[in-house]
Amino acid sequence: MQFCSVEIEEAMGCVLVHSIRLPSGRIAKGTVLSTAHVEALAAAGTAQVTVVRLEDGDMLEDEAAAAIAAAFSLDAIRLSDAATGRVNLHATASGLFVVDRDIVDALNRVDPAITLATLADHAPVQAGDMVATVKIIPLAVSGATVEAAVDLLKGRKAFSVRPFRPCKVLLIATELPALKTSVMDRTAKLLQRRLDPSESRLIEELRIPHDQNRLTEALVEGLARPEQPDLMIVFGASAVADPQDVIPAAIRAAGGTVEHVGMPVDPGNLLILGQIDDVPVIGAPGCARSPKENGFDWILNRILAGERPTSHDITGMGVGGLLMEIASRPLPREAADRPPNALRVGGLLLAAGQARRMGEGGPHKLLAEFQGVPLVRRSAEILQASQAEPVVVVSGHRRDEIEAALSDLDLTFRFNPDYPTGLGSSLVCGFSAPELGGCDGVLVMLADMPGVTTAHIDQLIEAFREADGHAIVRATYQGKRGNPIILPRATFGAVRKLEGDVGARAIIESSGLPIVEIDIGPAAHLDVDTPDAVTAAGGILKE
């Protein structure tokens, strides 16, 4: 393969390196130039073109990518057609993507022209997700190089998707007086959400005192159920202190074995893994009460995919095991001098307004469905999936319906009884929530902004952290201020003193703090205050 510039008369049969736009249309990069192409280029006054001149045995990029991709041994994975030197691989089932790093590394070392990128080992995927991509860098590559890559893959499995299998799960929760019932309720709902991708289900939740003997009885009784569980999960009311604590001791007393206590994944250190009569038992760490990724997810997903993690597996999870902090857990990681990326930003979702412009007695804009999901829930899920932690929702008008739409999410609700007075009272209510009191900043999001995404929120939070938490950060579009906005701790006191139907604009302008503006596009201005606005934004109003 020769990369060169040639006179237009010599270009036929060569591969075009750069796209060229002609009056008659565009000739794309990678096109093998025909007589018609050469004549069109000449007619347009093109004297020279940069091309790749193929040599004997060379393969074009698409042909090479397709040949390598076809050599993979695939389980629950399908190939896309080759295009621009790339073949994408997609999961055909929900499960765990399992990859052999040695094979991937060896393939990438055959020749710089050939690349294979994949998801991380044991990453959870849903059907349709891209799990890997083969990309040929140049426009053509030696056939011998492709053959070497194909030979490397013969008889070896580089990766696969291990489909989740539906499991029947028994939840046993121990109780102490300090543990709120509402926390236990949310724990069960959140666990079911973690089980949903595998179509697994909770067959029962048992709540018992935090006592070894009672837990032993519950484990034995659980296995004797007519509908025997495939997995038992124990959420203890108190954190595990040592291998002889209540949960591991109860597993042994019930005739089981404890595979491992603790894991080098943080959050998730205090996990317990055992089994009784070949039924796995997980002692969940406290961080598993949060929807944020933690070590519990790693073990649960492996079991749901049919694996049986061993002590050796768990002790090998330390590399990559330092996950994003869950700020709401009782003993978060904390350094004396926190770097900017450790600044804690809470999320405040305002969903208390009366929506007067929707018409008297009309449908509620926050209950309008966008892609089948109520707008208020969509907003909450976007905020919850971001780096904002914790998330507080202020409700007011039609409180029951709003909170019902969010009932199974791990959120904190604050009811604003003064919601008829306007925005100021909702801000006071939200900023008075104890959950946000320890935050370095609070991101305020209006619940009726369907264009805002998790990426937008994280972009604002990163800007706040880059400013060391000493600036106001607000979304803009084309130089005009919009929402969401992040208010730093220095403004909290002033916000709590707001009155009437006023926002935080006066506080922002008089704070003396720098204002960082982040253009997030039209989403910063898109709210839906009228039925026509809801419909124009893609929503469906519900009576």
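In what follows, the structure referred to is the one given above.
Residues numbered from 1 in each chain as written. Predicted model: local features only at pLDDT ≥ 70, side-chain atom pairs only at ≥ 80, totals over all residues. Heavy atoms only, no water.

1. Topic: the overall build of the protein chain
Our working rule: Secondary structure elements follow DSSP: runs of H or I no shorter than four residues count as helices, runs of E no shorter than two count as strands, and numbering proceeds from the N terminus. Burial classes: relative accessible area under 20% of the type maximum marks a residue as buried, over 50% as exposed, and values in between as partly exposed (1.4 Å probe, protein chains only). Residue-level accessible areas treat just the shown protein chains as cover; the underlying method is Shrake-Rupley with a 1.4 Å probe. When charges are counted, Lys and Arg are positive and Asp and Glu negative, with His and the chain ends excluded. Charged side chains are reduced to one point each, which is NZ for Lys, CZ for Arg, CG for Asp and CD for Glu.
Check the secondary structure of the protein chain and you find 17 helices and 29 strands. Its C-alpha atoms give the protein chain principal-axis dimensions of roughly 85 × 65 × 50 Å. Within the protein chain, buried positions represent 49% of all 543 residues. Summed over its atoms, the accessible surface of the protein chain is roughly 24600 Å², and 50% of this surface lies on carbon and sulfur atoms. With 50 positive and 70 negative side-chain charges, the protein chain shows a spacing of 5 Å between the two charge centroids.

2. Observations regarding the packing of aromatic side chains
This is how it is decided: Two aromatic rings from Phe, Tyr or Trp, using only the six-membered ring of Trp, form a pair when their centres are within 6.5 Å; if the ring planes differ by under 30 degrees the pair is stacked, by over 60 it is edge-to-face, and anything between is tilted.
Tallied over the entire structure, the rule returns four aromatic pairs. Between Phe-72 and Phe-159, the aromatic rings sit 4.9 Å apart at their centres with planes inclined by 45 degrees, giving tilted as the arrangement. Pair noted here: Phe-72 is in the loop between helix H2 (61–70) and strand E7 (77–79) and Phe-159 is in strand E14 (residues 159–163), with a separation of 87 residues, a long-range link. Taken together, a centroid distance of 5.7 Å and an interplanar angle of 35 degrees make the contact between Phe-97 and Phe-159 tilted. Residue Phe-97 is located in strand E9 (residues 95–99), and its partner Phe-159 is located in strand E14; the two are separated by 62 residues in the primary sequence. Here Phe-97 matches Phe-159 in class, with each residue buried.

3. Observations regarding the sheet that holds strand E8 (residues 86–91)
Heads up, the rule is: Here the rule is simple: two strands pair whenever DSSP picks up at least two bridges between them. Under this scheme, a helix contributes an axis fitted over its contacting stretch, all axes are lines through C-alpha atoms, and angles between N-to-C directions fall in the 0 to 180 degree range.
Spatially, four strands are ordered E7-E8-E12-E10 in an open sheet, and the strand pairing comes out antiparallel. The sheet is open, and its two borders are formed by E7 and strand E10 (114–118), each paired with just one other strand. Neighbour-to-neighbour, the strand axes of this sheet turn through a mean angle of 15 degrees, independent of strand direction. Relative to E8, E7 runs antiparallel, the two sharing three bridges. Along E8, the bridge assignment pairs Leu-79 with Leu-89.

4. Quick look at the side chain of Asp-245
Which entries qualify depends on this criterion: Note on contacts: a residue pair qualifies if any of its non-hydrogen atoms lie within 4.5 Å across the two residues.
As for its position among the elements, Asp-245 is in the loop between strand E17 (231–235) and helix H7 (246–253). Excluding anything up to four places from it in sequence, Asp-245 contacts Ala-239 and Val-240.

5. Some details on helix H8 (residues 295–304)
Put simply, the rule reads: By the criterion applied in these results, polar contacts are pairs of N or O atoms within 3.5 Å in which, for protein atoms, one can donate a hydrogen and the other can accept it, and in which residues neighboring in sequence qualify only through two side-chain atoms.
Here H8 lies mainly inside the structure; nine of its ten residues are buried. Along H8, the residues that are buried comprise Gly-295, Phe-296, Asp-297, Ile-299, Leu-300, Asn-301, Arg-302, Ile-303 and Leu-304. Where H8 begins, the capping side chain belongs to Asn-294, and its oxygen is found 2.9 Å from the backbone nitrogen of Phe-296. Phi for Gly-306, located one or two positions after H8, is positive at around 90 degrees.

6. So, the pattern of salt bridges
Note on pairing: side chains with opposite charge can pair once their charged atoms come close. Our working definition: By convention in these notes, a salt bridge is any Lys or Arg side-chain nitrogen within 4 Å of a carboxyl oxygen on Asp or Glu.
Following the criterion strictly, the structure yields 24 salt bridges and no others. Members of the salt-bridge network, linked through shared partners, are Arg-201, Glu-204, Arg-225 and Glu-227.

7. A closer look at the packing of helix H3 (residues 101–108) against helix H4 (residues 143–153)
In a packed pair of helices, the relevant descriptors are the angle between the two axes and the axis-to-axis distance. To keep things clear, this is the line we draw: Throughout, the term roughly parallel applies to angles under 35 degrees, roughly antiparallel to angles over 145, roughly perpendicular to angles from 65 to 115, and oblique to all others. Here the term charged refers only to Asp, Glu, Lys and Arg, the term nonpolar to Ala, Val, Leu, Ile, Met, Phe, Trp, Tyr, Cys and Pro, and the term polar to all other amino acids, Gly among them.
Packing of H3 against H4 brings their axes to within 10 Å, and their N-to-C directions diverge by 170 degrees. By the angle between their axes, H3 is roughly antiparallel relative to H4. On the side of H3, the interface is formed by Ile-103, Ala-106 and Leu-107, while H4 contributes Ala-149, Leu-152 and Leu-153. When the residues that make up the contact of H3 with H4 are grouped by side-chain class, the tally is six nonpolar, no polar and no charged.

8. Looking at the packing of helix H5 (residues 181–195) against H8
Put simply, the rule is: When the near helix sits turned anticlockwise from the far one by under a right angle, the crossing is termed left-handed; a clockwise turn instead gives a right-handed crossing.
Following both chains from N to C, one finds H5 and H8 inclined at 50 degrees, their axes separated by 11 Å at the closest point. When the interaxial angle is binned, H5 and H8 end up oblique. For the pair H5 and H8, the sense of crossing is right-handed. When H5 is examined against H8, the residues Leu-191, Arg-194 and Leu-195 are found in contact with a partner set consisting of Phe-296, Asp-297, Leu-300 and Leu-304.

9. Here's the deal with the pairing of E17
In terms of burial, E17 is a largely internal element, five of the five residues being buried. Residues Leu-231, Ile-233 and Phe-235 point to one face of E17 and Met-232 and Val-234 to the other, with burial holding for every one of them. Here strand E15 (residues 168–175) runs beside E17; their pairing, made up of five bridges, is parallel. Each residue of the ladder has a partner; that of Leu-171, found in E17, is Ile-233. The sheet contact formed by E17 and strand E20 (residues 279–284) spans four bridges and is parallel. Considered in E20, the bridge of Phe-235 is made with Ala-284.

10. Describing the sheet that holds strand E24 (residues 391–395)
What links the strands of a sheet is backbone hydrogen bonding, and the strands pair in either a parallel or an antiparallel sense. Read from one edge to the other, the open sheet built from seven strands follows the order E25-E24-E21-E26-E28-E27-E29, with strand pairing classed as mixed. Each edge of the open sheet carries a strand with a single partner, namely strand E25 (412–415) and strand E29 (515–519). Across this sheet, the average inter-strand angle for adjacent strands is 25 degrees, counted without regard to direction. Sheet topology places strand E27 (residues 472–477) next to E29; five bridges connect them, and they run parallel. Its bridge partner being in E29, Arg-474 is matched across the sheet by Glu-517. Contacting strand E21 (345–351), E24, E25, strand E26 (441–446) and strand E28 (480–488), helix H12 (residues 423–431) runs over the sheet at an angle of about 145 degrees to E21.

11. Concerning the nonpolar core
Stated formally: For the purposes of this section, nonpolar cores are sets of buried Ala, Val, Leu, Ile, Met, Phe, Trp, Tyr and Cys residues that join through side-chain atoms within 4.5 Å.
Val-376, Leu-383, Leu-406, Leu-443, Ile-457 and Ile-486 are the most contacted members of the largest nonpolar core, which totals 40 residues. Sorting the residues of this core by element identifies E21, helix H10 (375–384), E24, helix H11 (399–405), E26, helix H14 (454–466) and E27 as the ones contributing at least two each. Contact partners of Val-376, with chain neighbours within four places excluded, come to Leu-349, Ala-351, Leu-366, Leu-367, Ile-402, Ala-405, Leu-406 and Ala-447. Ranked by size, the runner-up nonpolar core spans 32 residues in total, among them Ala-65, Val-87, Val-131 and Phe-159.

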